[in-house]
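# Report on the structure
Chain residues, written in single-letter form:
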Amino acid sequence: MILFKRVIDLQEYLRSKKDQGDQIGFVPTMGALHQGHLSLMKISKTHCDITVCSIFVNPTQFNDPGDLAKYPRTIGADIDLLTSVEVDVLFLPPVEEVYPEGLDTSIDVDFGELANVMEGAFRPGHFDGMAQVVWRLLSIVEPDKLFMGQKDFQQVAIVQEMLKQFEAPIELIRCPIVREEDGLAMSSRNVRLSPENRGAAVALSRTLEQANEKMSGASPKEICAWAMEALALPNFKPEYFEIVDGVTLQAIDAFEDADLVVACTAVWVGDVRLIDNRILKEN
Ligand code: AMP
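Because the structure is predicted, anything quoted here is derived from the model rather than measured.

### Remarks on the state of the cysteines
Simply put, the disulfide is a covalent bond whose two ends are the sulfur atoms of two cysteines. All told, the structure shown has zero disulfides when counted by the stated rule. In this structure cysteine 264 is not part of a disulfide, and its nearest cysteine sulfur, from cysteine 224, lies 9.6 Å away. Given a relative accessible area of 6%, cysteine 264 falls into the buried group.

Encoded structure:
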């Protein structure tokens, strides 16, 4: 694996690969890597000749400075993991390489209602910062394919909309959620759960599973109301549980109203905010 910290060096290397006709796959991350991240690298390697992973904890997508400060950083272990799955390139830029003109360089794209619901409602500014850094990284790497996790379902929908609005010739591939044995979606934040809360956190995936089972006998609204109560456990603070059209991300009244239906939830478990989702219907 080759490690680049500077944009100019990365671009020179990638240009030589593109000139040979190599397909470039890109997996942006914030590090603290786990098997969920590695699954994206593995999928990229089956689709592309060169897989580029970036590790960059983007300051502009954290609306809470405490959350940014607490975000786990494990670069030594990350490098070992990336080497173990034979990632070709790690891009590890300092902030000034990504934002040479300062942090205040937002992009001009209107996500409309996509960005106002769920994560957008509870983390103001988050998607502006996310879109800004993803667009900047895409402009640097210029990949053929971009690999992102279904774990962040709304993020994938927003990036897809951004690629469409900018007419970017990049294929976005949504990769399945990798889970711990008990069903908890893998997340860099899980290490911050106390042992007791880690055990209880299985309630998120269980509730999504039970929501799936209730589909035949209840409306989306009834299931969401049930789920919010089921998640009101000791130490838990559920923020939302929504059943939405997977394209527009708007809540649906009936399961027949959309071809892609997804249940999405965000819950504080102690002082750790967890998100999870499950596709309930995909035609
Ligand atoms: P992050 O470093 O948390 O920004 O995540 C980087 C990428 O990994 C994003 O596209 C995430 O959706 C994806 N990812 C995170 N957790 C998982 C998981 N458990 N399974 C699959 N992909 C994941």
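### As for the sheet that holds strand E3 (residues 50-55)
Within the open sheet, the six strands sit side by side as E1-E4-E3-E2-E5-E6. Their pairing is parallel. At either margin of the open sheet sits one strand with a lone partner, and together these are strand E1 (2-4) and strand E6 (171-175). Averaged over all pairs of adjacent strands, the angle between strand axes in this sheet comes to 25 degrees, irrespective of strand direction. Relative to strand E4 (residues 89-91), E3 runs parallel, the two being bridged by three bridges. Looking at E4, one finds that valine 52 is bridged to valine 89. Strand contacts of helix H4 (residues 75-84): E1, E3 and E4, with the helix running at about 170 degrees to E3, the strand carrying the most contacts.

### Details of the pairing of E3
Counting buried positions over the six residues of E3 gives six, a clear majority of the element. What you see with E3 is no split at all: Ile50, Val52 and Ser54 on one side and Thr51, Cys53 and Ile55 on the other are buried throughout. As paired strands, strand E2 (residues 24-29) and E3 are joined by six bridges and run parallel to one another. Paired with phenylalanine 26 across the bridge in E3 is valine 52. Following the backbone out of E2, through helix H2 (residues 35-47) and into the adjacent parallel E3, one traces a crossover that is right-handed.

### Some points on the packing of helix H10 (residues 202-214) against helix H11 (residues 220-230)
As a packed pair, H10 and H11 sit with axes 10 Å apart at the nearest point and diverge in direction by 150 degrees. The orientation of H10 with respect to H11, classified from their angle, is roughly antiparallel. Seen from above, H10 lies across H11 with right-handed handedness. Mapping the contact onto sequence places Thr207, Gln210, Ala211 and Lys214 in H10 and Ile223, Trp226, Ala227 and Ala230 in H11. Split into classes, the residues belonging to the contact of H10 with H11 amount to five nonpolar, two polar and one charged.

### As for the site of the ligand
Close contacts around the ligand come from 16 residues, with Met30, Gly149, Asp152, Val178 and Met186 the closest. The side chain of histidine 37 places a nitrogen or oxygen atom 3.1 Å from an oxygen atom of the ligand. Backbone polar atom of glycine 149 to an oxygen atom of the ligand: 2.9 Å apart, as the coordinates give it. For the ligand, the accessible surface in isolation is 480 Å², of which the surrounding protein chains cover 92%. Of all the elements in the fold, those that place two or more residues in the shell around the ligand are E2, H2 and strand E5 (145-149). Sort the elements by how many residues they give to the shell around the ligand and H2 lands first, with three residues. When the residues that make up the shell around the ligand are grouped by side-chain class, the tally is nine nonpolar, five polar and two charged.

### Examining helix H8 (residues 153-165)
End to end, H8 covers 19 Å across 13 residues, agreeing with the expected 18 Å (1.5 Å per residue, within 8%). Buried residues of H8: Phe153, Gln154, Gln155, Val156, Ala157, Ile158, Val159, Met162 and Leu163, and no others. Turning to H8, the residues buried within the fold contact helix H6 (119-122), helix H7 (126-141), E5, E6, strand E8 (260-269) and strand E9 (272-282). Phi turns positive one or two residues past the end of H8, at glutamate 167, with a value near 50 degrees.

### A closer look at the side chain of histidine 37
Inspection of the secondary structure puts histidine 37 in helix H2. Under the relative-accessibility criterion, histidine 37 is labelled buried at 14%. The residues contacting histidine 37, other than those within four sequence positions of it, are Thr29, Gly31, Ala32 and Ser188.

### Topic: the pattern of salt bridges
The tally for this structure, following the rule as stated, stands at ten salt bridges. Aspartate 67 is the salt-bridge partner of arginine 123, the closest N and O atoms lying 3.9 Å from each other. One end of the pair, arginine 123, is in the loop between H6 and H7; the other, aspartate 67, is in helix H3 (residues 65-70), with 56 residues separating them in the sequence. Residue aspartate 67 is classed as buried on the basis of its relative accessible area of 13%. With a closest N to O distance of 2.9 Å, arginine 179 and aspartate 276 form a salt bridge. Remark: aspartate 276 occurs in strand E9 and arginine 179 occurs in the loop between E6 and helix H9 (195-200); sequence separation between them is 97 residues. For arginine 179, a relative accessible area of 30% puts it in the partly exposed group. Through salt bridges with shared partners, a single ionic network connects Asp67, Arg123 and Arg189.

Basis of the calculations
Residues numbered from 1 in each chain as written. Predicted model: local features only at pLDDT ≥ 70, side-chain atom pairs only at ≥ 80, totals over all residues. Heavy atoms only, no water. Disulfide = S-S within 2.5 Å. Buried < 20%, exposed > 50% of the residue type's maximum accessible area, 1.4 Å probe, protein only. Pairing = 2+ DSSP bridges. Helix = DSSP H or I, 4+ residues; strand = E, 2+ residues; numbered from the N terminus. Axes fitted to C-alpha atoms, helices over the stretch in contact; angles between N-to-C directions. Contact = heavy atoms within 4.5 Å. Right-handed = clockwise from strand over helix to strand, strands pointing away. Parallel < 35°, antiparallel > 145°, perpendicular 65-115°, else oblique. Left-handed = near helix turned anticlockwise from the far one by under 90°. Nonpolar A, V, L, I, M, F, W, Y, C, P; charged D, E, K, R; others polar. Near = heavy atom within 4 Å. Polar contact = N/O pair within 3.5 Å; in protein donor to acceptor, adjacent residues only side chain to side chain. Areas by Shrake-Rupley, 256 points an atom, 1.4 Å probe, with all protein chains shown as cover. Expected span 1.5 Å × (residues − 1). Salt bridge = Lys/Arg side-chain N within 4 Å of Asp/Glu carboxyl O.

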